[in-house]
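Structure at a glance
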Amino acid sequence: MIVRIRFLPDDVTVDAEVGEALLDVADRAGVFIPTGCLMGSCHACTVELEDGEIIRACITAVPPHEELTINLFTDPTW
C-alpha cells in the first residue's frame, strides 16, 4: 500500500510504502530529521502527526493511511 506523506513546514510530499522506515522516507525526500541515539530515547527525532500525536521518527514505520502529514520540530541543539 502506498501512503502519500507531506512534511511540514518544508511542504515536501513523497510517496512511501506501509512499513517503510520514516527516517528513510524523509531522507529520500530530502527532509532533514535530526537523530541522536536511533533508539527513541533521546527524542532528537521527535515529530508530530497531523492529529497531534507525537512520535519518534527513528523507531516508527509508515502506518497504513492514504495520506499522512508530519510536522517537523526545530531544535537548535540538534
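Read on for a plain summary of the structure.

What counts, and where the lines are drawn
Residues numbered from 1 in each chain as written. Predicted model: local features only at pLDDT ≥ 70, side-chain atom pairs only at ≥ 80, totals over all residues. Heavy atoms only, no water. Helix = DSSP H or I, 4+ residues; strand = E, 2+ residues; numbered from the N terminus. Rg over C-alpha atoms; globule rule 2.2 N^0.38 Å. Buried < 20%, exposed > 50% of the residue type's maximum accessible area, 1.4 Å probe, protein only. Contact = heavy atoms within 4.5 Å. Areas by Shrake-Rupley, 256 points an atom, 1.4 Å probe, with all protein chains shown as cover. Arc of directions from axis to C-beta. Core = buried A, V, L, I, M, F, W, Y, C linked by side-chain atoms within 4.5 Å.

**Notes on the overall build of the protein chain**
Helices and strands together make up the secondary structure of the protein chain, namely one helix and five strands. Ordered by position in the sequence, the α and β elements of the protein chain form the string β-β-α-β-β-β. For 78 residues, the compact-globule estimate of 2.2 N^0.38 gives 12 Å, and the C-alpha radius of gyration of the protein chain, at 11 Å, lies within 12% of that figure. In terms of principal-axis extent, the alpha carbons of the protein chain reach across some 35 × 25 × 25 Å. Counting only residues that meet the buried cut, the protein chain has 35% of its 78 residues in that class. Put simply, of all contacts in the protein chain between residues at least 6 apart along the chain, 45% involve residues at least 24 apart. Entry remark: accessible area of the protein chain is about 4,700 Å², with carbon and sulfur atoms responsible for 50%.

**Re helix 1 (residues 22-29)**
Restricting attention to buried positions, one finds in helix 1 the residues Leu-22, Leu-23, Val-25 and Ala-26. The buried residues of helix 1 occupy one face: seen down the axis, they fall within an arc of 160 degrees. On its buried face, helix 1 sits against strand 1 (2-8), strand 2 (12-17), strand 4 (54-56) and strand 5 (67-72). Among the residues trailing helix 1, Gly-30 stands out with phi positive, at a value near 80 degrees.

**A word on the nonpolar core**
Within soluble globular proteins, side chains that are nonpolar tend to cluster in buried spots. Of all hydrophobic cores here, the largest spans 21 residues; its most connected members are Ile-5, Phe-7, Ile-33 and Ile-70. Put simply, the parts of the chain that give this core at least two residues each are strand 1, strand 2, helix 1, strand 3 (46-49) and strand 5. Broken down by element, this core gets its largest block of residues, four residues, from helix 1. Residue contacts for Phe-7: discarding those within four places in its chain leaves Val-12, Val-14, Val-25, Ala-26, Ala-29, Val-31, Ile-33, Ile-70 and Leu-72.

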